[in-house]
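Chain by chain, the residues:
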Amino acid sequence: SATTTTTITTTTTSSTTTITCPVSSGSTMAPSDYIQSRELATQNNGQFFTTLVDGRPYLPNLAVEASNPASVCNAAVVSVTLSTYIAATNDASDELKTIPLSIDWESLLKESSASLTCTKVTGGITNALFRVSGFEKLKPAFASVVTTLLNNSTSINCSSLIDFNSVLIRIFGAEGMINRDIETSTYAALCNADIAYRYLGRFNNGRVEGWLDGFLPLQFRDLSHDETSLGIAKEMARLHCLFEVPDGELRDHHFGTELDVITVGLWDQLSSWMEKAKGYSEFKTPYDTERVKKLELDRIELEVQNFITSFASTSSENGDSGDSTASVCSAKVVFCHNDLLAGNIMRHPETSEIQLIDFEYGGTNYAAFDIANHFNEHAGGTDVEENGVTDYTLFPNPDQQKNFCVEYVRTAKRLESMKSGLTEPGDVNENGDLHSEASDLLNQVQKFILINHLYWGLWAINQAAEEGCEEFDYITYATNRFKEFHAKKVEWEKA
């Protein structure tokens, strides 16, 4: 998108900080602003060069070393300082954004280091995650810096803007598998819509997010508990019904630019990952190379092609126009999480509140795919401790699947009714319409269960090629996903 920039230049005794605010002529959620920011950063080699993108600070030159706790803490301090300043100026006049910022980063980082602790967060296999704690003690220091930046011209209590003690540092992994500009803009939009939790800023190779105090990640065996399962169904329906991707560049990416045609990225992603997986002649070790050969990727490729052709044919028979794989039968297309495994679902042990996290694979997809993916994740296998070993005896039984879909449809109906301006959800026949719709949805889910195994199996093959299997056995995981695909396919064909 066409952009202009507003520039704030800061000179201090220890560093120079430039904040450049790209202003899009179109949507405020413009992933291309990250690209422009990096181009601007090449003209300024200061590590604290900062741009304002999606309403948050972005530091393209600030790279964080996962092996260096001080480096991790520094990214947290810089992002919290700048995001607090931005939050303070939201309630002030526009002129405050042009006030030169004088930040002695060297002194602030040194002062903060004694108060902060950095702890590695276990469980993630795509990214390196860290918790940085101790911001309660640093409130006066941050408030003083921000108040000074504002020339004491604000009545805001800057200390009150730091209402947390910890933040999450996410150092990106899966290089080349995820477009981080699209993903971060999407995450910002999800936070703005109160679907995802707090986003404080981005640096060269990662992001600073809010820490969910009191919440704990689910374990895969928790997914079978009735109360927990129904809570997840409600939260998934909330995501599908309430989140609308902002108009402009971001929406064009997720939904396409053709009128009356919604683009679903699932099919292109499957094809792309299939082509990429077949392109590797060798993996990190000879042992890995031999294991992948046994997976018979030529056979997997035929399955992928058959599904794409089958869905295209079904779409054509139902009279769809444009991209024939864009909509299939009555399968609803929404913004999906696409990766609702246990570790991406947080629950508060006292209130049982559910919060979805880690939307990095999120995008336009069939609602039934999101549900199918979640059902498959009951088998686990994605934690480092499980190391790719799944247990499909934990796959939800027919009653559990039905109950999940009924709760999903019930919640979706209520939310759609609220969006329509009705105070009540309307006449919902618990024994008729509701269960009929849930049954139709569950029928759609069954085929996506198969496709989902191919999706994550191919993902794992590519991860094995790029990162190896020393820290997590991606090939074992792919083997188990493909094995279950073949088993479920036999069941599907007999039904």
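Residues numbered from 1 in each chain as written. Predicted model: local features only at pLDDT ≥ 70, side-chain atom pairs only at ≥ 80, totals over all residues. Heavy atoms only, no water.

## As for empty space enclosed by the protein
Okay, step 1: Inspection of every chain in the model, using the stated rule, returns two cavities of 30 Å³ or more.
Okay, step 2: Each pocket or cavity is described by its volume, and for the second largest cavity that value is around 40 Å³.
Okay, step 3: Along its surface, the second largest cavity is lined by Leu223, Ser224, Ser229, Phe375, His378, Pro396, Gln400 and Phe404.
Okay, step 4: Grouping the constituent residues of the lining of the second largest cavity by class yields four nonpolar, four polar and no charged. (1 Å grid on protein atoms, 1.4 Å probe; cavity = no way out; pocket = protein on both sides within 12 Å on 5 of 7 lines; lining within 4 Å. Points joined across faces, edges and corners; volume = space filled by probe spheres on them. Nonpolar A, V, L, I, M, F, W, Y, C, P; charged D, E, K, R; others polar.)

## Some points on helix H8 (residues 266-278)
Okay, step 1: In a regular helix each residue adds 1.5 Å, so 13 residues correspond to 18 Å; H8 covers 18 Å between its end C-alpha atoms and thus fits that length.
Okay, step 2: Among the residues making up H8, those that are buried are Leu266, Trp267, Leu270, Trp273, Met274 and Ala277. All buried residues of H8 project into a common sector of 135 degrees when viewed along the axis, lining one side. Exposed residues on H8 whose side chains face more than 90 degrees from its buried face are Asp268 and Glu275. (Helix = DSSP H or I, 4+ residues; strand = E, 2+ residues; numbered from the N terminus. Expected span 1.5 Å × (residues − 1). Buried < 20%, exposed > 50% of the residue type's maximum accessible area, 1.4 Å probe, protein only. Arc of directions from axis to C-beta.)

## A look at the packing of helix H6 (residues 226-242) against helix H12 (residues 398-419)
Okay, step 1: Running from N to C, H6 and H12 point in directions that differ by 40 degrees, and their axes come no closer than 8 Å. One way to sum up the angle between H6 and H12 is to call them oblique. Note that H6 runs across H12; the crossing there is right-handed. For the pair H6 and H12, the contacting residues are Ser229, Leu230, Ile232, Ala233, Lys234, Met236, Ala237, Arg238, His240, Cys241 and Leu242 in the first and Asn403, Phe404, Glu407, Tyr408, Thr411, Ala412, Leu415, Glu416 and Lys419 in the second.
Okay, step 2: Tallied by class, residues from the contact of H6 with H12 come to 11 nonpolar, four polar and five charged. (Axes fitted to C-alpha atoms, helices over the stretch in contact; angles between N-to-C directions. Parallel < 35°, antiparallel > 145°, perpendicular 65-115°, else oblique. Left-handed = near helix turned anticlockwise from the far one by under 90°. Contact = heavy atoms within 4.5 Å.)

## Considering the pattern of salt bridges
Okay, step 1: In total, this model carries 27 salt bridges according to the counting rule given.
Okay, step 2: The salt bridge partner of Arg38 is Asp181, with a shortest N-O separation of 2.6 Å. Here Asp181 lies in helix H5 (residues 180-192) and Arg38 lies in helix H1 (residues 32-41), a separation of 143 residues in the sequence.
Okay, step 3: For Asp181, a relative accessible area of 10% puts it in the buried group.
Okay, step 4: Within the structure, one salt-bridge network assembled from shared partners comprises Arg170, Arg180, Glu183, Arg207, Glu209, Asp358 and Glu360. (Salt bridge = Lys/Arg side-chain N within 4 Å of Asp/Glu carboxyl O.)

## Comments concerning the packing of aromatic side chains
Okay, step 1: Counted according to the given criterion, the structure contains 23 aromatic pairs.
Okay, step 2: Pairing Tyr34 with Tyr58 gives two aromatic rings, centres 5.0 Å apart and planes at 80 degrees, and the pair type is edge-to-face. Of the two residues, Tyr34 sits in helix H1 while Tyr58 sits in strand E4 (residues 56-59), which places them 24 residues apart along the sequence. In terms of burial, Tyr34 and Tyr58 fall into one category: buried.
Okay, step 3: Through pairs of rings, three or more aromatic residues link up here, namely Trp267, Trp273, Tyr361, Tyr366, Phe369, Phe448, Tyr455, Trp456, Trp459, Phe472, Tyr474 and Tyr477.
Okay, step 4: Above the plane of the ring of Tyr34 lies Arg202, whose end atom (NZ or CZ) is 4.6 Å from the centre. (Phe/Tyr/Trp six-rings, centres within 6.5 Å; stacked < 30°, edge-to-face > 60°. Lys NZ or Arg CZ within 6 Å of the ring centre and 35° of its normal.)

## Examining a negative patch on the surface
Okay, step 1: On the surface, Glu175, Glu466, Glu467, Glu470 and Glu471 cluster together into a patch of negative charge.
Okay, step 2: The residue Glu466 is located in helix H13 (residues 433-467) in this model.
Okay, step 3: By relative accessible area, which is 36% here, Glu466 ends up partly exposed. (Patch = residues over 30% accessible without salt bridge, like charges linked within 9 Å, V, L, I, M, F, W, Y side chains within 5 Å. Areas by Shrake-Rupley, 256 points an atom, 1.4 Å probe, with all protein chains shown as cover. Lys, Arg positive; Asp, Glu negative; His and termini not counted. Charge placed at Lys NZ, Arg CZ, Asp CG, Glu CD.)

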